[in-house]
Amino acid sequence: MRAKNRIIIFQFVALLVLCLMPCAAAVAAEPSTEPILRLETGMHTAMIGRIGVDDANHWLVTASKDKTVRLWELPSGRLIRVLRPPVGKGDEGKIYSVAISPDGRQIACGGWTKLGSDSGHTIYLFDRATGHLTHRITDIPNAIFHLAYSPHFLVACLGMARGIRIYKTSDLSLVVEDKNYGNYSLDASFSPDSRLVTSSFDGYLRLYSRDFQLLAKKKAPGGGQPVSVSFSPDGRAIAVGFGDSTKVDVLSALDLSHLYSPDTSGINKGSLGSVSWSADGRILYAGGIYNDDKSFPIFAWADVGRGRRTSLLGASNTIMDIHPLKDGGFAYGAVDPAWGVYDKTGQRALFITSATADYRANPKGFLVSDDGTRVRFGYEERGKVPAQFNVEARLLEVEPAGNTSLFRPVFESPRLRITDWEHTYTPKLNGTPLKLKQYEISRSLAIAPDSQSFLLGTEWYLRLFDRQGNETWNVPVPGTAWAVNIAANGKVAVAALGDGTIRWYRLTNGKELLALFPHKDRKRWVIWSPSGYYDASPGAEELIGWHINRGKDQEADFFPASRFRSTRYRPDVIARILETQDEAGAIRLADEASGRKHEQQALETLLPPVVTILSPSDGSSVSRPEITLSFSVRSPSGDPVTSIRAMVDGRPISTQRGIAVKGKEEAQQQIQVTIPERDSEVSIIAENRNAASEPSTIRLRWKGKSVRDGFVIKPTLYILAIGVGNYQDQSLKLGFPAKDAQDFARAMQNQRGGLYRDVTVRVLADQKATRDNIMDGLEWIQKETTSKDIAMVFLAGHGVNDPAGIYYYLPVNANTDKLKRTGISFTDIKNTVTSLAGKAVLFVDTCHSGNVMGTRRGTANITAVVNELASAENGVVVFASSTGRQYSLEDPSWGNGAFTKALVEGVSGRADYQGCGRITVNMLDLYLSERVKELTGGRQTPTTTKPQTIADFPVAVKR
């Protein structure tokens, strides 16, 4: 059996074993309100244990050990919202089970959820439409492994030998419980007539009547550990999958007698622990811990499980749950984490997978520089798609050239003989087992340069041992430690973890110093300190944020790091942490270098408002352009709400000030908005003195008649293109920015009569690009653009940051010693593009090298500028020529800068990958990424950031 299969099997068993611990008798503490820094990638970062689907198949819910529940729209796969119960340290808050009521109105979840109860565990119930936590079922005697709804009841399957509990959905009262179980219960299924069948690791299946009297209790022949049970749609048969067998049984729904078993010949490793029927009962599905060397497949047997077996592509990890869909397809969840949907034709219609890098099976390929500031890893399992990150420069390189200054972890030493450390429970030092927790499995090893200690990475901890095998320290980790290394200077340990992060620790005491999350898109990354100071690539600020509990009876808040940009965005601090080995010391040095006075403010005093649209509901149909939005708003910091902003398709349409919302209590408000006569997205954003809230967004479907009877007026495109290369200060001279601006404007003028009714251009090149002319140009485009138009601002030339970090674009007559008077400040640019009535697109090519590739001249870090403009409240799509610390390259052989050359090619048709004749923001982003990488040999990486409130839209057509 491959190492990967051993890994997967352990993960499944470990999930069960973790909940065998008895509940503490002590009263559970009130959830802490201390902010908790967490990842938020838009997808789960840990295994998906369960999924649920409503009867109408409008919604799918997923539960994960990452302590969140996610609500997805079907059939689009769009993430609607993240449900956040109270969480704590360690296992507290891990969600093992989820179910959505048949009518789709209520979502129930549970797991290791003790904070919601005075004793025992808790089932949390959320309103699907608003995401509010509405009820709790408390004092449950062990962790909740499975939840299932019938029209009138909710059943909970519990850990240890605590059996099952059944609650009435009308008032959540306990109807009946069965404690007569010999081990933990893992699954339950209701028949169409509300009978119930359950599985338990005591080996027994239990069948209950409609009034929950036990009708039968039997063992199935296929295995000793029944995991999954599923009633057939006609209620006559029950399918059973096992945790210790590749067999699948079909039993009688009358007495649990064996009817038949599907053909599983040739499936001789792992187990098939997840089973389900198709909606019409003709097909039986099963999946689990079986790998065919391509994937973990899902098997389908025709003829009610008696017929021919086919194999469907599943996931790269264990199949945990399968649910039928009414159209004949099915949905499934997997450990990856991933979930997918197959349609009735047997084609996979959706597959949503993790955004995390996969560090498995690559302990030797995790390389670190001698001082720990550079790491090399692989985005894919076994080290495929290698990448390198430089902490000092905050520079990510994908598929970099070989580097002999990076070193592998040391596995062997004449002084230390460490064996059995890879994927076992019993790693040994000189033949003597090292002390781990029960069921804790060792994954990775690194011996210190002086051979006086060694670091062991496990499923749950990093553990440093001395040469006698005594543990020096241990720290819990947020995911399996797939690889570890120790820098040659002996000061820093580095670990690649299962949640997709790479983390640095002080070797002397295990204190965490830094954490890096490189997104699987191979562009975005964010790096942060334990207190939440961070640096991020363009578009990556939303990847981390702060979870704040609000007590037992309310859902928790979550605030992305971008909401605290003014105080927590500190690249200068991040750059110094490994050098100082101390966050406080790094802050002090950074403040001294910038002349900045450090004022530590509690995060709780800086919180923005929280807003939720109450009606119309997401997906509603409307037939009138004038609608009334009802919403709730509160201010967790207690600071008064200063404004409410309504946005349509990501652009502001109205702002309401003088809002009577003060203090932390929730208030309900209404606002009138006008929407276009087409499908649209409407958002509400609230602001206080600290920051703007995250948007609350709904999609509306237009069902009314168009007053133009289908005639659509094309937008006008307004372009302000600015390029400066021939500066009055000859030390700033560049080769092609003026030509870049002219070439871009010319390429977009060719779109007249295609996507755009008209294209109006103002070009300011070289001597015309004075500060006064640029300011006039910004005023011009602001005045001309209407809500039906699109505006594009193109900037090429030099940009610089002053000592305080404020960005300035340099006009032709700029004086770098007098930036405030002669430069174009970021504030001027921001005020223009954020106030444009129509869609706003900004192209920034201002981090140039000299006119000979590789010669470095003026530089600017525009990451903060890009991220701020692309925040939802500003609503600007930003294309940047390079990442924060790269140089934008130009070369005479191209006749342009690399970015503009690729941009002109892209909008002229080459970005039309799909051959549909239209080039959208996302398509142009893809083309720019690949083409600029090709032109520059990977030395320049353009980035595109688009607010979450703006859907992909076309910017050009192929002529």
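Procedures and definitions
Residues numbered from 1 in each chain as written. Predicted model: local features only at pLDDT ≥ 70, side-chain atom pairs only at ≥ 80, totals over all residues. Heavy atoms only, no water. Helix = DSSP H or I, 4+ residues; strand = E, 2+ residues; numbered from the N terminus. Rg over C-alpha atoms; globule rule 2.2 N^0.38 Å. Buried < 20%, exposed > 50% of the residue type's maximum accessible area, 1.4 Å probe, protein only. Contact = heavy atoms within 4.5 Å. Pairing = 2+ DSSP bridges. Axes fitted to C-alpha atoms, helices over the stretch in contact; angles between N-to-C directions. Salt bridge = Lys/Arg side-chain N within 4 Å of Asp/Glu carboxyl O. Phe/Tyr/Trp six-rings, centres within 6.5 Å; stacked < 30°, edge-to-face > 60°. Parallel < 35°, antiparallel > 145°, perpendicular 65-115°, else oblique. Nonpolar A, V, L, I, M, F, W, Y, C, P; charged D, E, K, R; others polar. Core = buried A, V, L, I, M, F, W, Y, C linked by side-chain atoms within 4.5 Å.

**Q** Would you mind showing me how to read the overall build of the protein chain here?
**A** When helices and strands are counted, the protein chain shows eleven helices and 70 strands. Since a compact globule built from 959 residues should have a radius of gyration of about 30 Å, the 29 Å found for the protein chain is in line with a globular shape. In the protein chain, which comprises 959 residues, the share counted as buried stands at 61%. A separation of at least 24 residues holds for 56% of the contacts in the protein chain among residues at least 6 apart in sequence.

**Q** Would you explain the pairing of strand 26 (residues 319-324) in this entry?
**A** Two faces belong to every sheet, and in a regular strand the side chains alternate between them. One ladder, built from five bridges, connects strand 26 with strand 27 (residues 330-334); its direction is antiparallel. Note on strand 27: the bridge partner recorded for I319 is A334.

**Q** How should the sheet that holds strand 45 (residues 512-518) be read in this particular structure?
**A** In a beta sheet, neighbouring strands pair by backbone hydrogen bonds and run either parallel or antiparallel. On the basis of which strands lie adjacent, the open sheet formed by six strands has the order 42-43-44-45-46-47 and antiparallel pairing. Whereas interior strands pair on both sides, the edge strands pair on one side only; in this sheet they are strand 42 (481-486) and strand 47 (534-536). The average undirected angle you get between the axes of adjacent strands in this sheet is 15°. Of the strand pairs in this sheet, strand 43 (residues 492-497) and strand 44 (residues 502-506) are connected by five bridges, and their pairing is antiparallel.

**Q** Just to check I follow, could you spell out the pattern of salt bridges for this structure?
**A** When their charged atoms lie close together, side chains carrying opposite charge are able to pair. Overall, the coordinates contain 49 salt bridges when judged by the stated rule. Salt-bridge contacts for R70 lead to E40; the nearest nitrogen and oxygen are separated by 2.9 Å. Of this pair, R70 sits in strand 4 (residues 69-73) while E40 sits in the loop between strand 1 (36-39) and strand 2 (48-53), placing them 30 residues apart in sequence. On the basis of relative accessible area, R70 is assigned to the buried category, the value being 2%. Overall, the relative accessible area of 11% leaves E40 in the buried class. One network of salt bridges, with partners in common, ties together K901, E905, R910, R931 and E934.

**Q** Looking at this structure, I do not really get the environment of E542. What am I missing?
**A** Summarising the element assignment, E542 is placed in the loop between strand 47 and strand 48 (544-548). With 279 residues separating them in the primary sequence, E542 and R821 have C-alpha atoms 34 Å apart. If we ignore the near neighbours within four places in the chain, the residues touching E542 are E40, P560, S562 and E694.

**Q** Looking at this structure, I do not really get the packing of aromatic side chains. What am I missing?
**A** The way to describe two aromatic rings as a pair is by their centre distance and the angle between their planes. Going through the model one piece at a time under the given rule, you end up with 23 aromatic pairs. Consider the rings of Y359 and F377, whose centres lie 6.1 Å apart with planes at 90°: the pair is edge-to-face. In this pair, Y359 is assigned in the loop between strand 29 (348-353) and strand 30 (367-369) and F377 in strand 31 (residues 374-378), connecting sequence segments 18 residues apart. With relative accessibility at 4%, the residue Y359 sits in the buried group. Pairing F843 with F879 gives two aromatic rings, centres 5.0 Å apart and planes at 15°, and the pair type is stacked. One end of the pair, F843, is in strand 64 (residues 839-845); the other, F879, is in strand 65 (residues 876-880), with 36 residues separating them in the sequence. Taking the relative accessible area as the measure of exposure, F843 reaches 2% and is therefore buried.

**Q** Would you mind showing me how to read the packing of helix 5 (residues 737-749) against helix 10 (residues 898-910) here?
**A** For any two helices packed against each other, one specifies the inter-axial angle together with the distance between the axes. Close contact between helix 5 and helix 10 brings their axes to 9 Å; oriented N to C, the two are set at 5°. One finds that helix 5 runs roughly parallel with respect to helix 10. Across the interface between the two elements, D740, D743, F744, A747 and M748 of helix 5 pack against T900, L903, V904, V907 and S908 of helix 10. Of the residues in the contact of helix 5 with helix 10, the class split is six nonpolar, two polar and two charged.

**Q** Got a minute to help me understand unusual backbone geometry in this structure?
**A** Glycine aside, negative phi is the norm for most residues, and most peptide bonds take the trans geometry. Here the bond from L74 into P75 is cis, since omega is 5°, no more than 30 degrees from zero. Mapped onto the elements of the fold, P75 is located in the loop between strand 4 and strand 5 (79-83). Cis peptide bonds are those with omega within 30 degrees of zero, and the linkage from D336 to P337 qualifies with 5°. Considering the arrangement of structural elements, one finds P337 in the loop between strand 27 and strand 28 (338-342).

**Q** So what exactly am I meant to see when it comes to the pairing of strand 19 (residues 237-242) here?
**A** Burial analysis of strand 19 places six of its six residues in the buried class, which makes it a mostly covered element. Two strands pair when backbone bridges link them, and strand 18 (residues 226-231) and strand 19 are joined in this way by five bridges, in the antiparallel orientation. Bridge pairing links S228 to G241 in strand 19. Remark: five residues form the turn of the hairpin made by strand 18 and strand 19, two consecutive strands paired antiparallel; G235 in that turn has positive phi of roughly 75°. One ladder, built from five bridges, connects strand 19 with strand 20 (residues 248-252); its direction is antiparallel. Paired with G241 across the strands is V248, a residue of strand 20. With antiparallel pairing between neighbouring strands as the criterion, strand 19 and strand 20 make up a hairpin whose turn holds five residues.

**Q** What is the right way to look at the sheet that holds strand 14 (residues 185-190) in this model?
**A** Reading across from one edge, 14-15-16-17 is the order of the four strands in this open sheet, with antiparallel pairing throughout. Each edge of the sheet is formed by a strand with only one pairing partner; in this case those strands are strand 14 and strand 17 (214-219). This sheet shows a mean twist of 15° between the axes of neighbouring strands, independent of strand direction. Where strand 14 meets strand 15 (residues 196-200), five bridges bridge the pair, whose relative direction is antiparallel. Bridge assignment links S185 to a residue of strand 15, and that residue is S200.

**Q** Is there a simple way to think about the side chain of S200 in this case?
**A** Along the chain, S200 falls in strand 15. Those residues within four positions of S200 in sequence are excluded, and the remaining contacts are Y181, N183, Y184, S185, R206 and P226.

**Q** Please clarify how the nonpolar core should be interpreted in this entry.
**A** One broad trend across soluble globular proteins is that nonpolar side chains are buried collectively. Counting residues in each nonpolar core, the largest one holds 41 residues, and the members touching the most others are Y756, M792, F843, F879, L903 and L924. In this structure L924 touches F843, F879, L903, G906, V907, A911, I919 and V955, once residues within four positions along its chain are discounted. Residues Y807, A840, L842 and V878 belong to the second largest nonpolar core, which totals 39 residues.

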